[in-house]
Structure formats: C-alpha cells, structure tokens
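The primary structure of each chain is shown beneath.
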Amino acid sequence: MIKKISAIVCLLVFVLNVCAQKKIPRRSESFFGLHFDFHASVNDSMIGQYLTERFVDSLLTAVKPDFIQVDAKGHPGVNSYPSKVQNATTVKSFVADPLALFRKVTAKHGVALYVHYSGVWDDAILIKHPDWGVINAEGKVSKSKISFFSNYADQHLIPQLKEIADYGIDGVWVDGDCWAAEPDYSSESAEVFIKSSGIKSLPVKATDTGYLAFMRFNRTLFKNYVSHYVDVLHQYKPSFQVASNWAFSSLMPEPVKIDVDFMSGDLTPMNGVNSALFEARVLASQSRIYKKPWDLMSWSFNTEYNTNHHVPKTALNLCQEAAEVIATGGGYQCYFTQKRDASIRPQEVGTMQQLAQFVRARQPFTQGAIAVPQIGLLYSFASYEKMNRSLYGNQPAAALRGVLTALMDVQYPVEVLTEDHFRVSLKNYPLIVIPEWSFLETAFVKDLLQYVDEGGNLLIIGAEAVKPFAAPLKIVLKGEAVKKSFYISTKTEMAFVNDNLIYAAINPDAKSIGGIFENNDIRFQSGVPASVTAYGKGRIGGIYFDFGKSYSSYQSAQLRDFLHTVVKELFHKPIVEIKGTKLVHVTLNQINGKTAINLVNSSGNYNSNKVATYDEIPSLHNLEVSIRLKQKPIRIVQQPENKTLPFRFADGVVTLKVPSVSIHSILMVE
C-alpha cells in the first residue's frame, strides 16, 4: 500500500512539474526579446565562471521576455559552447556550458531560446580550411568570408546547428550572412557563370559587360546556400526556427522565396530612431505580402562601428527606438553584450525591465497591426540592382531614407514598398512617391502612369528620376543634371541644398511651386524647383533636384516645409492630420477591426553624432487631431494611458485634442 501511494505521489509530482513548464512561444507569437552576444575569441577562457542559474532566473523573472538570443559563434568563428563538431574552434576553457544553462532556465520560464551564430563570416574555419574562402577580383583568398562553392555549409555550419538544435534550442539568428557575402571570382565560379551566361570573362567593374548578370549570379549562390541550410535544418528538426539576419530587408529587398521562419535585423547603433523608421517599414511590407513574422533589434549602446567605445543608452532612448518599430506592427528586441565569460551585466537589468514595461503596455494595440494605405514610397529593386556595388547593402536607399524622414516629420503615414508590393496594391494608395530612383523598368513606368490616369496621385523626386516623366509633367528639361549648392523657397524662407539639380521649363498648364536661387537672396530667381499638373483623372508632380541626402545632411524646417507644400498639392485629404507640433511621427493602422493612430514623439538628439545618449525629451502637449471617417465612432481611447478623449464629429471628420504624448501613444478608434 505504501509503495502504491509513493508511486502515485511520484506520478503527481511528475505531472505537476510537466504542467509547471510554461508553453514556449514560437517567433510568430513573440513580441519582445533580448539579444546577448560577445563574439568569442580563442583567447577567452573560464566561460560560464560568473554565469549562474540564479542570475538568469532573476533576469527572466524581472524582464519576462518572450525570447532571448545568446552567443554560440561570432565573426571570429570561435564557439562559446563546447562544440564537438570536427574542426570546431572553441574558447580556451569552460567552467560551465552556457547553452545548457540558458536552456534549463528558459525552459522553466517558458521563454524561447535562440542562438547568435555567424554564418558567411567565419575567421577560424578559414584558418583550418583556407580553400573554403571566397576569392576576390584580384585573386586573393578571403580570410574571413566563405565561398558558396565550398563545403562549409555541409561540413561545418549545418553540423553545428544540428548540434545546437540537440540542446533543445528553439532556433538560430544567423548573423554575418547576406551583408557579409562577397562576389566569387574562383575558377569554379568562372566555369559555372561563363557556361550559363555565355559571357567570356568575369566582370570586375560596373561598366564591364555582364556585371549586373554576375552580381545576380552571386546573389543566387547566396540564396541557394541559405535555402539549403534552412531546408536541411527543418528536415532534421521541424520545430527549429531559422532567420538569416537582414535577409529580405532593406539590404536584400527581394521576394521572400526561402522558407525562413522569421525576418530580423539590427538597427544602426547611432541614429536608431531614423534607422527604425526605414527598416521597420521595409520589413512590415514584406511581412504583409509573404506572411512572415519579423522583429528589429536596437543596440543598447551607441558606438562607432569597430570600436570598443560603448556608451550605454538610457531606457528612454531605447523606448523611442522601440516605439518606431512596434508602431508598424512588428516585434522588438534589444542587444546587450555578454561579458567575455558569457555572463550578463547585472546593472543593465533595470534598463531591460523599463524597456519591457514600455513595450508590453503597448503590445495589445500594436502587435500584428496592418498599415492603412496613405503614402506609398518606392524602394525600387530595379534601381537597387543597378546602383549597388556590393552583393547586399542598402547604400542605394540613402536618398529614400531622407525623403522618408522628411515625410514623417510632417506627420504623413508612409509605407516603403518595392515594385512587387505595388503590383498587388498600386490603386490602394492616394499618393505614390518615387524618391530619386534613376532607373525604373519601362513596364512599371507605364503602370504608374495608368494609375495616375485612373485618378491616382504621383510625385517624382530627383534630377534623374523625373526624366522618364517629362512629358506627363508638362516640362522641358534644360541640359543635364549638375551637382551644385543652391537655395529653394516656396515663400520668403530659403532652404539650402547641395545635390543634383536639373532646370525645367514649366508648361503654363502646370502649376509651378517655389523658386531656385543661386545665392541666398530671394530677389534673384533662376528656376523652378517643383511643379504639379493634371494627368487624366489624377495629378502628377515633380521635384527637380535631389532632396533626400540634403535633408539627411542639412536637415532644416524650410526644406521639410517645402516638401510638405508640394505633397499638399497632390494629397488633399489624408485620413489623419495633426496640428500643434512638427515633432510627432504618425502611423495609421488597422488592428482587430479597429483603427489605431500611433503618435511617436520624435524630439531628442538621436540624429546628432555629438550626443551619445539622452535621458529627457519634452512631452508634446495639446495636439489637435483630425480624422476622416465614414461614420461617427463610438469612442476614442488614448492607449496605453486608457484615457477616453472627447471629440466632435461633423461632415465625416472627427476632431479632438490629445492633451499630452510623452514618447508613444495610440489613439484607438472604436
């Protein structure tokens, strides 16, 4: 009888322990996470010395993330866990196995565990297998970046990720992947490319025959490489989740044709707010079309790349970056470095906790939200391919980022979309903006003009970008674009510009906007910087100078307001309008059948390389908000403050006053 009771008690204890294990969320269910890494080196030792179960337990209790990501292998190619895979390079010594410890504690808390693992960039393996390195145009073998013709994936990366999956780890965030990939000039590459393309030699410069084809060829090699390791890992363990850092983001704005489980990337450490504006909108558009969850990561410190001068950001600084991300419907994570023994700095837990409280308060009103079409800003993949001088990178989008920031600074909700996105939703946007793309495919230009002809509104910005649209703009271009310094104005105030300008003669049927001045003197006008005209049932406008980089470098209220003046000629009735401040970014969403208007306080010194961090931004007061709606709402609640706001409704417009916005509020229209 005693034995029977003991057996029942043991069974009950087992069942209670199993039930006590919380369900671990998949990435598609996750909203907030923490990332830790330290890019272990061969000189690191005593790994796990100060990493304790008690501390990790207290961290997860205090912060309650949905997931954490921890170091497994960084760019040096050195494993910070005791890998048994052949040719693995590990740190000098271990006191404890960090992955086993993290898995034990995260499982107890129902927190997902991912590893940070560097893929294409692996210094250590190329010491052992120098023949696996990619060969550049000068014939030099890389000591850091692998070749996709090598056995690296099958003999090193995949075996190690299988080993990591066997720990019970939930997935991997593969770092150093697309952005580290380089064109391959090996004999194997030459043989395959020449045979498939018919081009007799490998192009080196952008002006060489077949250069674009060769870059496409190498991008295909990379995508095949990622697709291979993703598919093999899914076959090995279907529940193991894989993301290739920055794949299908602004660095790689291509259709999502690889079975990654989620998309992710890390913002620039400096100027993270404007970085978030751009990156979040690219991933949000990709997610909507291809049904992939996504998140973005802030760095918890400011630094110039490749330095050890780390200045910790305040929680307020990070909350502002987080707000710009979650306002577009995505998930958010924050990066804190691990110590050289894989432990975590206890003084940073307070910042993590404040950040967690901030995003969790807003989760019910942002997670999974979908943008309501207002302004569609083109990220042209056709131009990206022409302009890019690396396999993957977002340097061609520099002007787009400046235009996006300016549009957001005048309170317009904006989405960033590629040609593929527009092909399925072109007619949904009241205004489409082409930001300085020098090359568009002829078929897409026709699609844009048909969209205008049928009642749409189109704004083309840039000295080169306007050329295919000269006839519908009713302009005659004078000569070629020239790089110069000049001033533009719409009234009496002048804005400085230092970029490409092309002079245009404006047809009397079109409306000229503003003036161009060679010097800072409004008496001597030399041209017209912008115009708008009717085209079919719609309207088309042009700005005849490159705007974006100047706004990024010489940001001014006058330049911002010039763009606002032009946009107002084309976009008469936005759903949301704000008065009372120029320091709020607006994002307009639908979530759970409700309209959600995100208001993000954009003040602060995040755009200055002289200010590493800050701990105060002024609240915005007495915002006057107008919302165009088909019917009178039941109520409007400011969240997460849970404050019901009084409003008036007349002639299809709601007007209300928002008393205060500290960092991020959402107006939920019910």
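Just so you know, these numbers come straight off a predicted model, no measurement behind them.

Turning to the overall build of the chain, a few remarks are in order. Along the backbone of the chain there are 17 helices and 33 strands. A globule of 670 residues ought to have a C-alpha radius of gyration of about 26 Å, and the chain, at 27 Å, matches this closely. Dimensions along the principal axes, computed over C-alpha positions, put the chain at roughly 100 × 70 × 45 Å. Looking at the 670 residues of the chain, the share that counts as buried comes to 57%.

Residues Ser189, Ala190 and Phe193 constitute the buried set of helix 6 (residues 187-197). The buried residues of helix 6 occupy one face: seen down the axis, they fall within an arc of 95°. Away from the buried face of helix 6 by more than 90 degrees, exposed residues Ser187, Glu191, Lys195 and Ser196 are located. Contacts from the buried residues of helix 6 go to helix 7 (211-236). Of the residues one or two after helix 6, Gly198 is the one with positive phi, at around 80°.

On to the sheet that holds strand 26 (residues 584-591). As summarised here, the arrangement of the six strands in space is 13-26-27-33-29-30, forming an open sheet in which the pairing is antiparallel. Edge positions in the sheet fall to strand 13 (370-371) and strand 30 (643-644), since each of these pairs with one other strand and no more. For strand 29 (residues 636-639) and strand 33 (residues 664-669), the ladder comprises four bridges, and the chain directions are antiparallel. Its bridge partner lying in strand 33, Val637 is registered against Met668. Of the strands in this sheet, strand 26, strand 27 (594-601), strand 29 and strand 33 are in contact with helix 10 (residues 349-366), which crosses strand 33 at around 25°.

Between helix 8 (residues 272-290) and helix 12 (residues 398-409), whose axes approach to 10 Å, the crossing angle comes to 105°. The orientation of helix 8 with respect to helix 12, classified from their angle, is roughly perpendicular. When helix 8 is examined against helix 12, the residues Asn274, Leu277, Phe278 and Arg281 are found in contact with a partner set consisting of Leu400, Arg401, Leu404, Thr405 and Met408. The residue inventory of the contact of helix 8 with helix 12, partitioned by class, reads five nonpolar, two polar and two charged.

This next bit is on unusual backbone geometry. The step from Gln639 to Pro640 runs through a cis peptide bond, and the omega angle for that step is 5°. Positive phi outside glycine occurs at Ala342, with the angle close to 80°. Among the secondary structure elements, Ala342 is positioned in the loop between strand 12 (331-337) and helix 10. In this structure, Asn592 takes a positive phi of about 55° despite not being glycine. Judged by relative accessible area, Asn592 falls into the exposed class, the value being 68%.

Turning next to the pairing of strand 23 (residues 530-535). Taken together, the three bridges between strand 20 (residues 511-513) and strand 23 define a ladder with antiparallel strand orientation. Pairing of Ser512 across the sheet is with Ser531, part of strand 23.

What follows covers the sheet that holds strand 6 (residues 171-175). Hydrogen bonding along the main chain pairs the strands of a sheet, whether they run parallel or antiparallel. An order of 7-6-3-2-1-12-9-8 is seen for the eight strands of this open sheet, with the pairing classed as parallel. Each edge of the open sheet is held by one strand with a lone partner, namely strand 7 (241-244) and strand 8 (263-266). When strand polarity is set aside, the average angle formed by the axes of neighbouring strands in this sheet is 25°. As judged from the six bridges shared by strand 2 (residues 67-73) and strand 3 (residues 112-118), these two strands associate in the parallel manner. Paired with Lys73 across the strands is Tyr117, a residue of strand 3. Its contacts with the sheet place helix 9 (residues 315-326) against strand 9 (294-299) and strand 12, and it is angled at close to 150° to strand 12.

Let us now look at the environment of Lys237. In this structure, Lys237 sits in the loop between helix 7 and strand 7. Accessibility expressed as a relative area gives 23% for Lys237, which makes it partly exposed. Sequence separation of Lys237 and Met494 is 257 residues, and the distance between their C-alpha atoms is 62 Å. In contact with Lys237, other than residues within four places in its own chain, are Ala165, Gly168 and Ile169.

Chain-level pLDDT for the chain is 94 on average; 96% of the residues reach the 70-or-more range. In the predicted structure, residues 7-19 sits below a pLDDT of 50 and forms zero contacts with residues beyond four places in sequence or in another chain.

Topologically, Lys549 is positioned in helix 16 (residues 548-553). According to the relative accessible area criterion, Lys549 is partly exposed, its value standing at 46%. When sequence neighbours within four positions are dropped, the list of residues in contact with Lys549 reads Ala398, Ala399 and Asp499.

Right, let's talk about the side chain of Asp177 for a bit. Relative to the helices and strands, Asp177 is located in the loop between strand 6 and helix 6. The charged side chain of Asp177 is buried without a salt bridge, its nearest counter-charge being Lys73 at 8.8 Å. Each residue touching Asp177, except ones within four places of it in the same chain, is listed here: Gly119, Val120, Phe222, Tyr225, Val226, Tyr229 and Ser244.

The next point concerns the packing of aromatic side chains. This model, assessed by the stated rule, comprises 30 aromatic pairs. With a centroid separation of 6.5 Å and an interplanar angle of 35°, the aromatic rings of Phe36 and Phe336 are classed as tilted. In this pair, Phe36 is assigned in strand 1 (residues 32-37) and Phe336 in strand 12, connecting sequence segments 300 residues apart. Exposure remark for Phe36: the relative accessible area of 0% places this residue in the buried category. Look at Phe214 and Phe217: their rings are 6.2 Å apart centre to centre, the planes differ by 20°, and that puts the pair in the stacked class. One end of the pair is Phe214 and the other is Phe217, both in helix 7 and three residues apart, which spans about a single turn. The two residues Phe214 and Phe217 agree in class, both being buried.

Cut-offs applied
- Here, residues in each chain are numbered from 1, in the same order as that chain's written sequence.
- For a predicted model such as this one, the threshold for reporting local features is a pLDDT of at least 70, and the threshold for listing and counting side-chain atom pairs is 80 or more; totals across whole chains, interfaces and linings nevertheless cover every residue.
- Side-chain figures throughout are based on the complete set of non-hydrogen atoms in the structure, without hydrogens or water.
- Only DSSP runs of H or I covering at least 4 residues are called helices, and only runs of E covering at least 2 are called strands; the numbering of each starts at the N terminus.
- Note on method: radius of gyration uses C-alpha positions; expected globular size equals 2.2 Å times residues raised to 0.38.
- Accessible area is worked out with a 1.4 Å probe on protein chains only. A residue is then buried under 20% of its type maximum, exposed over 50%, and partly exposed in between.
- It is the directions from the helix axis to the C-beta atoms whose arc is reported.
- Any pair of residues with heavy atoms lying within 4.5 Å of one another is described as a contacting pair.
- At least two bridges found by DSSP between two strands are what make those strands a pair.
- What counts as an axis is a line fitted to C-alpha atoms, over the stretch in contact for a helix, and the angles between N-to-C directions run from 0 to 180 degrees.
- These descriptions rest on fixed angle ranges, namely under 35 degrees for roughly parallel, over 145 for roughly antiparallel, 65 to 115 for roughly perpendicular, and the rest for oblique.
- For this classification, Asp, Glu, Lys and Arg are treated as charged, while Ala, Val, Leu, Ile, Met, Phe, Trp, Tyr, Cys and Pro are nonpolar and the rest, including Gly, are polar.
- One confidence number per residue, pLDDT, is output by the predictor and ranges from 0 to 100.
- For this count, His and the chain ends are skipped, Lys and Arg are scored as positive, and Asp and Glu as negative.
- What counts as a salt bridge is simple: a side-chain nitrogen of Lys or Arg found within 4 Å of a carboxyl oxygen of Asp or Glu.
- Pairing of aromatic side chains here covers Phe, Tyr and the six-membered ring of Trp, requires ring centres within 6.5 Å, and sorts the geometry by plane angle: under 30 degrees stacked, over 60 edge-to-face, intermediate tilted.

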